[in-house]
Every structure is written in structure tokens, then in C-alpha cells.
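# Report on the structure
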Amino acid sequence: MKLINLKTEILGQKVIYYNKIDSTQDEMWRQMQNNNLENGTIIIADIQTNGKGTHGRIWHTDEINNIAFSLYIKTNCSVNQLNGLTIDIAKTLVNILKKEYNINVEISEPNDLNINGKKIGGILTECKVINKNVKHLVIGIGINTTKTNFTNDIKDIATSIYRELNIETDREKIISDFCNEFEKIVQRRKILWE
């Protein structure tokens, strides 16, 4: 899979795609241990059987064409340089959805995306710190764009863009747009190892 309209130098230049996987986030950490990850690599999956949310929760990705991906950034920055990064990610996604589809998404700080008071997406930021410096950063993003089936335990609190607004979105373009905008942010914060 190749991302369309990508204008980055690093982010998203290498894409690894899975029809089905346990978790894009877990797979990123596994590949990192094997030392075969290029900086800016993205892992995208149609289906996640054990997707990771915050606080150990499961992120349900059980229908195709929703957004489920993890992004790897090699860095050498202080932990303080990551302050507010998750909010920057959320704002970037909100801006893209507003600009491209005129969708109003609310941020429930620090890492949830909502429409009409229900969750459509979340952000999981994980890092590996060595000698007080962040060396590896893995950002997981899940957005219910087309999901229609919700289990009883989440049907009242979770939704999707299509379910709420009957709007169809382009997964690859959203991810490309995110990479284009987010690369500017990480360069400005001096996080990206080039």
C-alpha cells in the first residue's frame, strides 16, 4: 500500500499493511526489537483483533475501511519536548476532518475524539526512554469512519463518522494528510531524527 498525496520527507514513506493483525501498536514494537524499522514507518490494518486503547482498554477494529494505524518516529529528545503532543495530534485530526469533510469533531482531553458526545477515535502515544532521553516514539491512531456494529458495552458511548453523519471518508487520504501536517509539528518541536 502506498499513501496518496504524501508530501513528507520521512513520515509515511514506508507503509506496512495487514488485512488482519492483533495490534498495529504491538507489531510496531515487535519490528523495532528486530531493528528493521525505518524512521517514519506506518503500520496500517483493516482488522485488529486486540487493538490497544489507553489504560489497557481494547480498541475494537472489527470492520474494514476504518482507520487503524501506528506511526514510528526515531528521536533523541527530552520527555519535556513531548508535552502536549497528543493534543497536537488530536487538533491535527480535527482540522483535517473539518477541512476535507466539514465534520465537527470535539476533543475530549487528552486523547479522545468525539462526535455528538460519542467517541469516534482515540490516540495512544507510547515511547521508550533511555538515559532520560526519548529514543523511540510510537503513535497509534484509531478512528471509526465506517463502523456500524457496536457491542452492547460500547454502543451508547461509541459511534462512527458514517453512523452519525452518513459521510463517507477516504482512509488513505486522511492518513496522508495527517502525515503531511504532523511532520511539520515534529520538525518544529525538534522531535524528528533526520
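Residues numbered from 1 in each chain as written. Predicted model: local features only at pLDDT ≥ 70, side-chain atom pairs only at ≥ 80, totals over all residues. Heavy atoms only, no water.

### Thoughts on the overall build of the chain
Rules: What counts as a helix is a DSSP run of H or I of at least four residues, what counts as a strand is a run of E of at least two, and both are numbered from the N terminus. All radius of gyration figures rest on C-alpha atoms, and the globule criterion is 2.2 Å times the number of residues raised to 0.38. Using a 1.4 Å probe on the protein chains alone, a residue whose accessible area is under 20% of its type maximum counts as buried, one over 50% counts as exposed, and one in between counts as partly exposed. Note on definitions: a residue-residue contact is assigned when non-hydrogen atoms from the two residues lie within 4.5 Å.
Looking only at helices and strands, one finds four helices and eight strands in the chain. Going from N to C terminus, the chain has its helices and strands arranged as β-α-β-β-β-α-β-β-β-β-α-α. In terms of C-alpha radius of gyration, the chain reaches 16 Å, essentially the compact-globule figure of 16 Å for 194 residues. Dimensions along the principal axes, computed over C-alpha positions, put the chain at roughly 45 × 30 × 30 Å. Per-residue burial for the chain yields a buried fraction of 52% across its 194 residues. In the chain, the share of contacts with a sequence separation of at least 24, taken over all contacts with a separation of at least 6, comes to 70%.

### Some points on the pattern of salt bridges
Two side chains carrying opposite charge are able to pair once their charged atoms lie near each other. The test is simple: Counted as salt bridges are all cases of a side-chain nitrogen of Lys or Arg within 4 Å of a carboxyl oxygen of Asp or Glu.
Under the definition given, this model contains nine salt bridges. A salt bridge links R189 to D88; the shortest N-O distance between them is 2.9 Å. Here R189, found in the segment after α4 (171-188), pairs with D88, found in helix α2 (residues 85-101); they are 101 residues apart in sequence, far enough to count as distant. One salt bridge in this structure joins K184 and E181, with 3.3 Å as the shortest N-O distance. Of this pair, K184 and E181 both sit in helix α4, separated by three residues, roughly a single helical turn.

### Observations regarding the pairing of strand β4 (residues 67-78)
Filter applied, for reference: Paired strands, as defined in this entry, are two strands with at least two bridges between them according to DSSP.
In terms of residue burial, β4 counts as a mostly covered element, since nine of its 12 residues are buried. Alignment of β4 against strand β8 (residues 133-143), held across 10 bridges, turns out to be antiparallel. Among the inter-strand pairings, A68 is bridged to a residue of β8, identified as G142.

### A word on the packing of aromatic side chains
As a reminder, the rule being used: Note on aromatic contacts: the rings of Phe and Tyr and the six-membered ring of Trp form a pair at centre separations within 6.5 Å, being stacked when their planes are under 30 degrees apart, edge-to-face when over 60 apart, and tilted otherwise. A ring is considered to have a charge above it if a Lys NZ or an Arg CZ atom is located within 6 Å of its centre and within 35 degrees of its normal.
Under the counting rule described, the total for this entry stands at two aromatic pairs. Plain terms: the ring middles of F178 and F182 are 5.0 Å apart, the flat faces sit at 15 degrees to each other, and that makes the pair stacked. Taken together, the residues F178 and F182, both in helix α4 and four residues apart, mark about one turn of the helix. Residue classification places F178 among the buried residues on the basis of a relative accessible area of 0%. Taking relative accessible area as the criterion, F182 reaches 0% and is therefore assigned buried. A network of ring pairs unites the aromatic residues F69, F178 and F182 as a single cluster. K147 extends its terminal NZ or CZ atom over the ring of F150, reaching a point 5.1 Å from the ring centre.

### Structural notes on the side chain of N66
Rules: Counting of polar contacts relies on pairs of N or O atoms within 3.5 Å, with two restrictions inside protein: one atom must be capable of donating a hydrogen and the other of accepting it, and residues adjacent in sequence are counted only when both atoms are side-chain atoms.
Within the secondary structure layout, N66 lies in the loop between β3 (58-61) and β4. Polar side-chain contacts of N66 include one of 3.0 Å to the backbone nitrogen of K147. When near neighbours in sequence (up to four residues on either side) are disregarded, N66 contacts I143, N144, T145, T146, K147 and R171.

### What about the state of the cysteines?
Put simply, the rule reads: Whenever a pair of cysteine sulfur atoms sits within 2.5 Å, that pair is classed as a disulfide.
Taken as a whole, this structure holds zero disulfides when the rule is applied. Free cysteine C127: the closest other cysteine sulfur is in C77, separated by 8.0 Å. Left unpaired, C179 is separated from the closest cysteine sulfur, that of C77, by 18 Å. Looking at C179, the relative accessible area reads 0%, which means it is buried.

### Examining α4
For an α-helix, the turn length of 3.6 residues means that residues three or four places apart are oriented alike. Rules: By this rule the span expected of a helix is its residue count minus one, scaled by 1.5 Å.
Taking 1.5 Å of rise per residue, 18 residues should cover 26 Å, and α4 covers 26 Å from first to last C-alpha, within 8% of that figure. Among the 18 residues in α4, 13 count as buried, and that is most of the element. Two or three places before E172, at the opening of α4, D170 has a side-chain oxygen 3.1 Å from that residue's backbone nitrogen. Just beyond α4, the residue with positive phi is K190, at close to 60 degrees.

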